[in-house]
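Chains, contacts and geometry: an overview
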Amino acid sequence: MGELKVMKPLHVNPLKLSQPMGATLAFLGIKNCMPLMHGAQGCASFTKVVFTRHFNDPITIQTTAVNDITAVIDGGEKGISEAIANITQKVTPELVGLFTTGLTETKGDDIKGACALLKEKQKIVYVHTPDFEGGLESGWALSVQGIIEQLIEPSVECNKDKVLLIPNVNLSAIEVEKIKESLELFDFEVYALPDLSDSLDGHLGVKQGALSSGGISVEAIKKLGDTGHVITVGRSVKKCGELFKAKHTQSQHHHFDTLTGLVACDDFYKTLLTCKGWSKPPASIQRWRKRLQDTLLDTHFALGKAKVIIADEPDNAYAMAKALREVGAHVEAIIAQRSEVQELFTCNVSVGDFEEVEKILPKMDMLISNFHGERLAHTYHKALLLRGFPNYESVGVGLRHNILYEGSCTFLCEVNNRLHKN
Amino acid sequence: MINKKLIKDLLNESACSHNKDKKSSCDKPKPGATSGGCAFEGAQISLFPYADAAHLVHGPDTCLGASWETRATLTSYEGENNTPLGYCTNVTTQDIIFGGDKKLAEAIAYIVEHKKPKAVFVYETCVTAMIGDNIDFTCKEARKRFGIPIVPVHSPGFVGGKNLGSRLAGEAVLDALVGTREPKEIHPFGINLIGDYNVTGDMWQYTPILERIGIKVVATLSGDGRIEAVQTAHTAKLNVIVCAKSLITLCRKMQERYNIPYVSVSFYGKRDTSNAIRSIVNAFGDEAMSKRAEKIILEEEAKLEERLLPYREILKDKKAILNTGGNKSWSIASALQDIGIEVVATSIRKATEEDIAIAKTYVPILMKVPANEQAKLIDEHNIDILLAGGRSLYTALKKKVAFVDVNQEKKVSYGAYGGLENLAIDVCAALANPVFKLAGKVAPWEN
Ligand code: SF4
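Residues numbered from 1 in each chain as written. Chains lettered and ligands numbered in written order. Predicted model: local features only at pLDDT ≥ 70, side-chain atom pairs only at ≥ 80, totals over all residues. Heavy atoms only, no water.

1. So, the overall build of chain A
Here is the rule: A helix here means a DSSP run of H or I that spans at least four residues, while a strand means a run of E at least two residues long, and both kinds are numbered starting from the N terminus. Our radius of gyration is a C-alpha quantity, and the globule rule it is checked against amounts to 2.2 Å times the number of residues to the power 0.38. Each residue is placed in one exposure class: buried if its accessible area under a 1.4 Å probe, protein chains only, is under 20% of its type's maximum, exposed if it is over 50%, and partly exposed if it falls in between.
Looking only at helices and strands, chain A features 16 helices and 14 strands. On C-alpha atoms alone, chain A measures out to a radius of gyration of 21 Å, which is about the 22 Å that the 2.2 N^0.38 rule sets for 422 residues. Each of the three principal axes of chain A carries a C-alpha extent, and together these read 60 × 55 × 40 Å. Within the span of chain A, comprising 422 residues, buried residues form 64% of the whole.

Okay, here's the thing in structure tokens:
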């Protein structure tokens, strides 16, 4: 349907989160990593607060704390190397994820050069993520691209049983874990990059570490070169898969725009069956598919008459809209940033903010959005389902499971029951 | 434009005793070892509670996208409440190349037309400072065009931390608003409340009491604040700083310009609340009022004691360790003591000289490196409850003591007499909760 362009000189109640924030999450999915934001101190501080409240867990991040003087005269190397020195004085990160902000991009800092100078001292991946471009999804995706370019070692081998899963930023820790488990049922050796299922899944550690608490290890990333299949989930990370494929030509790339809903899941499992040359998936998957068929019928009555507005990051909005359309819901979507995925929507979609949401909401039954939607849903007496970043109102956001046959059931039932309660 | 001289002066403020201390928050942030928010955040915290003004952030997303609607600063304003709303010019590559002034002017026009605010604050952030947008000029033009105050706030994050930002916000208010309107009448006992942002309604715990005593709140910076009121702030007789040293510069300048003296108070805990009321009343030197105040203090304290009765039983003989920053290191300690808890130790890791001096008068043990000290102290003193930031949860679980996260965004007010009961409820709930002994339990397959 494309985009209805919103011509406004400002954002009123923004939906959008910034690229550096997406980069932060990507690096938190790598074990013993220190995300290092290259900018003035506030951006990292806001990011830390947002994700700490969202995940209810400690968030590791540092900043190069650009201040007045360096902002005017030097090219950034000094601050970066000082930051690395101060970080390594206290901890030994296996990787530093260095990414820029609007300030340091406007200054035109040479982060590549700075990293080259520090090569002997610290392993660093650098990424350009100005916050005046893109958003949460692209910040995550650019970081993954940086990691693929700069960390993975070339390999002549190709292991047909090895899978690299690249999730989009919206997938929860448990969702990543569920995809991994599903792939393991197909006898694949699976790696997720980034892997939040092992870090921001809300587990109780022994103590609060000074680095990311889990994720894929740097060692494992380096050796990803022999991966036979790379699977990307979400349009925002499609390029990551393409990049991987271009660098490791013997591998196969399978892309899925969403894994929510019957059609999407069927596509996914069909691909896996073909890869393996199997005729049927494991019994548990067959069983869940039947449960989803039943759920589609159970929920179609209420959802078929429901009018739902979704405000979220593009990939997540697309996934939910598509699943809700399968049971006949009337859906409108406002997405946080431009994305190729906007071309695929089978409902009205536009890039916008919560002011736009508020214009449409009175005509709808339900709002699906981050916690900012709470005030609106309350004002207009609408049902509300909290999804996306940030969510300060719910606990257990890392445990949410809305993908594959199983999670699609949970999703549809939850939407149905929320509507009913209202 | 950022005013470098002003920033230097603010950092060297004479009325601020902590600038001698090297480790103070006024220092430059250290790359790779910094955790605090930026000047913009400080300015935003200080000014966002003006619910009748729109707050327009001139910059790309990070500054506002992550920070709007995050603080429960309550307001009684009946028009459209701007406190939970976010306005941002969403500067893009295009604007970086061609300059953001035009977009800013359009954004201001959009807001004035659609929202009809009493004023617009325009926050300069890192990128727009870097590309050299002429925010002062744009604001001046808009002011002429729309006839309401359009106030530039020069608080790009790279100039410093939250504390400095809060000072810069104070300067913006002083320059653009204070003294620009004359009130219908001047109250003989008018005060300005400076530095209370009415988070969870803290301010409303004590303003009705002040009113009963005969004191009128002329204006606030900025809890439940109004633009028209702050424009008349120069007619108050006293500035009352509530737990916010960052705004001392503003008060000193108001003393110089308008001859308004200031007092610094805290409304945490029973004793401090009573003392705060006395300091305010004493500043007026009116005998009848002092008498009235004493009577009301007695009444309020008695009422509070009655309500605390059921909790006192549970809280007596309970020992606590407090590990938090700034003035909370003593203000919360004092409140805890008022509900009958023995506070064995408090952290002074991030406190200023002044805070340390005050903390000494409340708590026997001051922890310099609480992360290393608190576990040992819990054992040595048989501590029942640890009140600290999330990081310390692990210590509490290991030691199997109750835990309260004091740095979390609070949901209810702990302020003044009324809030003390909320604190007692929360502490009692934590003490009674078995989860702190259970959550850290060793798995049956481990020993
Ligand atoms: S440091 Fe600069 S860019 Fe970052 S949040 Fe603060 S003002 Fe905005």
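Continuing now.
2. Let's talk about the sheet that holds strand β12 (residues 385-388) of chain B
All names here are of chain B. Put simply, the test is: Strands are treated as partners if at least two bridges between them are detected by DSSP. Lines fitted to the C-alpha atoms define the axes, with helices restricted to the stretch that makes contact. Angles between their N-to-C directions range from 0 to 180 degrees.
Pairing is parallel across the open sheet formed by five strands, whose spatial order is β11-β10-β9-β12-β13. Edge positions in the sheet fall to β11 (365-367) and β13 (402-405), since each of these pairs with one other strand and no more. Between one strand axis and the next, the sheet turns by 20° as a mean value, whatever way the strands run. With four bridges joining them, strand β9 (residues 319-323) and β12 adopt parallel strand pairing. Looking at β12, one finds that Leu 322 is bridged to Leu 387.

3. What about the domain arrangement of chain B?
Short version of the rule: Throughout, the edges of the domains are those of an automatic or database domain assignment.
You can read the domains of chain B as domain 1 (4-15 + 30-176), domain 2 (190-300) and domain 3 (311-438). Distance between the C-alpha centres of domain 1 of chain B and domain 3 of chain B: 35 Å.

4. A few points about the pairing of strand β5 (residues 190-194) of chain B
Residues and elements named next belong to chain B. Selection rule: We call a crossover right-handed when, viewed with both strands directed away from the observer, the connection leading from the first strand over the helix to the second proceeds clockwise.
Burial of β5 is extensive: five of the five residues sit out of reach of the surface. Alignment of β5 against strand β6 (residues 216-221), held across five bridges, turns out to be parallel. Within β6, the position partnered with Asn 192 by the bridge is Ala 219. You can see the chain leave β5, run along helix α9 (residues 207-213) and come back into β6, and the turn it takes is right-handed. Judged from the four bridges that link them, β5 and strand β7 (residues 238-242) form a sheet pairing that is parallel. For Ile 194, the partnering residue across the bridge sits in β7 and is Ile 241.

5. Section: the environment of Gly 201 of chain B
Residue and element names in this part refer to chain B. The test is simple: Any two residues whose heavy atoms approach within 4.5 Å at even a single point are treated as in contact.
As for its placement among the helices and strands, Gly 201 is situated in the loop between β5 and α9. By relative accessible area, Gly 201 is classed as buried at 7%. Linking Gly 201 and Tyr 414, residues 213 residues apart in sequence, is a C-alpha distance of 9.3 Å. Those residues within four positions of Gly 201 in sequence are excluded, and the remaining contacts are Leu 74 and Ser 413.

6. Looking at the domain arrangement of chain A
All names here are of chain A. Threshold: Buried area: the accessible surface (1.4 Å probe) lost by two parts on joining, summed over both. By the convention adopted, Pro, Cys, Tyr, Trp, Phe, Met, Ile, Leu, Val and Ala count as nonpolar, Lys, Arg, Asp and Glu as charged, and the other residues, Gly among them, as polar.
Taken domain by domain, chain A comprises domain 1 (4-10 + 286-421), domain 2 (19-134) and domain 3 (159-259). For domain 2 and domain 3, the distance between their C-alpha centres works out to 23 Å. The interface of domain 2 with domain 3 comprises 21 residues on the first partner and 20 residues on the second. Summed over both partners, the interface of domain 2 with domain 3 comes to about 1,600 Å²; 69% of that surface belongs to carbon and sulfur atoms. When residues of domain 2 are sorted by the area they lose upon contact with domain 3, Gly 29, Ile 30 and Lys 31 head the list and together hold 27% of the total. Where the side of domain 2 that touches domain 3 is concerned, the elements lending two or more residues are α1 (19-28) and β2 (33-38). Ranked by residue count, the leading element in the side of domain 2 that touches domain 3 is α1, at four residues. A class-by-class count of the residues in the side of domain 2 that touches domain 3 yields 13 nonpolar, four polar and four charged.

7. Looking at the site of the ligand
The condition that has to hold: For this description, a residue counts as near a given molecule or strand if any of its non-hydrogen atoms is within 4 Å of it.
Taken together, Ala 40, Gly 42, Cys 43 and Phe 46 of chain A together with Cys 38, Phe 40, Cys 63, Thr 125, Cys 126 and Gly 157 of chain B make up the full set of residues near the ligand. Near the ligand, the surrounding residues belong to chains A and B. Counting residues per element, the shell around the ligand draws most heavily on helix α2 (residues 41-55) of chain A, which supplies three residues. For the shell around the ligand, the class distribution of residues is seven nonpolar, three polar and no charged.

8. Re the packing of helix α12 (residues 270-284) of chain B against helix α13 (residues 287-315) of chain B
Residue and element names in this part refer to chain B. Inclusion rule: Orientation is classified from the angle alone, with under 35 degrees giving roughly parallel, over 145 giving roughly antiparallel, 65 to 115 giving roughly perpendicular, and any other angle giving oblique.
Axis separation between α12 and α13 bottoms out at 10 Å; the angle between their running directions is 170°. Judged by the inter-axis angle, α12 sits roughly antiparallel to α13. In this structure, α12 contributes Lys 270, Ser 274, Ile 277, Arg 278, Val 281, Asn 282 and Phe 284 to the contact, and α13 contributes Met 289, Ser 290, Ala 293, Glu 294, Ile 297, Glu 301, Leu 304 and Glu 305. Looking at the contact of α12 with α13 residue by residue, the classes come out as seven nonpolar, three polar and five charged.

9. A short note on the interface of chain B and chain A
Our working definition: Whenever a carboxyl oxygen of Asp or Glu lies within 4 Å of a side-chain nitrogen of Lys or Arg, that contact is scored as a salt bridge. Under the rule applied, a polar contact is a pair of N or O atoms within 3.5 Å (in protein, one hydrogen donor and one hydrogen acceptor; residues adjacent in sequence only if both atoms are side-chain atoms).
The partner chain A presents 54 residues to the 58 residues of chain B that form the contact. Together chain B and chain A conceal approximately 4,900 Å² of surface at their shared face, both sides included; 60% is due to carbon and sulfur atoms. Here chain B is connected to chain A by three salt bridges. Between Glu 355 of chain A and Lys 115 of chain B there is a salt bridge, and its shortest N-O distance comes to 3.8 Å. Counting across the interface, chain B meets chain A through 20 residue pairs in polar contact (both at pLDDT 80 or more). For the side of chain B that touches chain A, the elements supplying multiple residues, two or more each, are α2 (39-47), α3 (61-65), β2 (87-88), α4 (93-98), α5 (101-115), α6 (126-130) and α17 (393-399) of chain B. Broken down by element, the residue count for the side of chain B that touches chain A peaks at six residues, all from α5 of chain B.

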